[in-house]
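# Residue-level structure breakdown
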Amino acid sequence: MITDPNLTLFHLINDIAGKNHVLDSTMIFAAKNIIYIFAAYLACIWLTKSEYRQEALFAGYASVLGLGINFIITLFYFHPRPFMVPTGTLLITHAAESSFPSDHATVMFSVSIMLLAFNYLRYRGAIFLVLAFLSGLARVYSGLHFPMDIAGSFLVASLSTGILLTLKDYLIPVNRIFISYFENIEKKIIKGRLKAS
């Protein structure tokens, strides 16, 4: 009998769901909300760490490009989510759409891998990579994705990051213009507040 490793691994993880309320609640929270930590971090370094604005932009670019690649994949390949098969235990309701690759996981892996590409942010990138894997695991546990959806997201994120790093020398001058424009606005806001006070 031929077994599907993707389905086997899915059940190995998902079969635990629905048996422990605390674990279910933790996994649901991780599946839904860890991605906001990534967004908050990028916003934080953009607003408070001006020396890292280039890196924040590159991480943002990687996420957007990764989502773009995902969209192209879904135009040519459709893979049902577990609950569409149907199989497994579903803890989070979701639209019936293609599951491969996971957009959530792609965004998180893209940010993580891009941060890992910068030596001075590598430690933070490693932490975010662990969080990305945990969130991906939680989404499998919750019945939203198969393991291969998460693995596919990692590959897409690696591809998007690689493309952007190849174009790095061309993008940095564009980033500087954008950053300069933002800093001018920032200075005007600060001056306006000083005058008002």
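Looking at an unreviewed UniProt entry, one finds the chain named Phosphatidic acid phosphatase type 2/haloperoxidase domain-containing protein, with Methanosarcina mazei Tuc01 as its source organism.

### Regarding the overall build of the chain
A tally of regular secondary structure across the chain gives seven helices and zero strands. In the chain, the succession of helices and strands from N to C terminus is α-α-α-α-α-α-α. Principal-axis analysis of the C-alpha atoms gives the chain an extent of 70 × 40 × 30 Å. Within the chain, buried positions represent 41% of all 197 residues. Nonlocal contacts in the chain, meaning residues at least 24 apart in sequence, comprise 78% of its contacts between residues at least 6 apart. For the chain, the accessible surface area stands at approximately 11200 Å², while carbon and sulfur atoms represent 69% of it. Mean positive and mean negative side-chain charge positions of the chain (15 and 11 charges, respectively) differ by 14 Å.

### With respect to the environment of Phe 133
Along the polypeptide, Phe 133 turns up in helix H5 (residues 122-141). According to the relative accessible area criterion, Phe 133 is partly exposed, its value standing at 43%. Look past the residues within four positions of Phe 133 in its chain and what remains in contact with it is Phe 109 and Phe 154.

### Some remarks on helix H3 (residues 53-76)
Helix length check: H3, at 24 residues, gives a terminal C-alpha distance of 35 Å against a target of 34 Å (1.5 Å per residue), a fit within 8%. All buried positions along H3 are accounted for by Arg 53, Gln 54, Glu 55, Ala 56, Leu 57, Phe 58, Ala 59, Ala 62, Ser 63, Gly 66, Ile 69 and Asn 70.

### Structural notes on the packing of H5 against helix H6 (residues 147-166)
It is at 9 Å that the axes of H5 and H6 come closest, and there the two elements cross at 150 degrees. Our classification of the angle between H5 and H6 gives roughly antiparallel. As H5 runs across H6, the sense of the crossing is right-handed. Residue-level inspection shows Leu 129, Phe 133, Gly 136 and Val 140 of H5 in contact with H6, the latter providing Pro 147, Ile 150 and Phe 154. Among the residues forming the contact of H5 with H6, the class breakdown is six nonpolar, one polar and no charged.

### What to know about the environment of Ser 153
You can see Ser 153 is positioned in helix H6. For Ser 153, a relative accessible area of 0% gives the class buried. Setting aside anything within four residues of it in sequence, one finds Ser 153 in contact with Pro 101, Ser 102, Ala 105, Thr 106 and Phe 109.

### A short note on unusual backbone geometry
In this structure, Pro 86 follows Val 85 across a cis peptide bond, with omega equal to -10 degrees. Positionally, Pro 86 belongs in the loop between H3 and helix H4 (103-116). With an omega of -10 degrees, the peptide bond running from Phe 100 to Pro 101 counts as cis. Relative to the helices and strands, Pro 101 resides in the loop between H3 and H4.

### What to know about the packing of helix H2 (residues 21-48) against H5
Running from amino to carboxyl end, H2 crosses H5 at an angle of 140 degrees, the nearest separation of the two axes being 8 Å. As for how H2 packs across H5, the hand of that crossing is left-handed. Residues Leu 23, Asp 24, Met 27, Ala 30, Ala 31, Ile 34, Ile 37, Phe 38 and Tyr 41 of H2 lie in contact with H5, whose contacting residues are Arg 124, Phe 128, Leu 131, Ala 132, Ser 135, Leu 137, Ala 138, Arg 139 and Tyr 141. Class assignment for the residues of the contact of H2 with H5 results in 14 nonpolar, one polar and three charged.

### Quick word on the nonpolar core
Among the nonpolar cores identified, the biggest contains 44 residues, and Phe 38, Tyr 41, Phe 109 and Met 114 are the most heavily contacted of them. Mapped onto this core, the elements with two or more residues apiece are helix H1 (5-14), H2, H3, H4, H5, H6 and helix H7 (168-196). If you tally residues by element for this core, the top one is H2, at 10 residues. Setting aside residues up to four positions removed in sequence, Phe 109 forms contacts with Leu 129, Ala 132, Phe 133, Ile 150, Ser 153, Phe 154 and Ala 157.

### Section: H6
The terminal C-alpha atoms of H6 lie 29 Å apart, and with 20 residues this matches the ideal 28 Å at 1.5 Å per residue to within 8%. The set of residues buried in H6 consists of Pro 147, Asp 149, Ile 150, Gly 152, Ser 153, Val 156, Ala 157, Ser 160, Thr 161 and Leu 164.

Rules and cut-offs
Residues numbered from 1 in each chain as written. Predicted model: local features only at pLDDT ≥ 70, side-chain atom pairs only at ≥ 80, totals over all residues. Heavy atoms only, no water. Helix = DSSP H or I, 4+ residues; strand = E, 2+ residues; numbered from the N terminus. Buried < 20%, exposed > 50% of the residue type's maximum accessible area, 1.4 Å probe, protein only. Contact = heavy atoms within 4.5 Å. Areas by Shrake-Rupley, 256 points an atom, 1.4 Å probe, with all protein chains shown as cover. Lys, Arg positive; Asp, Glu negative; His and termini not counted. Charge placed at Lys NZ, Arg CZ, Asp CG, Glu CD. Expected span 1.5 Å × (residues − 1). Axes fitted to C-alpha atoms, helices over the stretch in contact; angles between N-to-C directions. Parallel < 35°, antiparallel > 145°, perpendicular 65-115°, else oblique. Left-handed = near helix turned anticlockwise from the far one by under 90°. Nonpolar A, V, L, I, M, F, W, Y, C, P; charged D, E, K, R; others polar. Core = buried A, V, L, I, M, F, W, Y, C linked by side-chain atoms within 4.5 Å.

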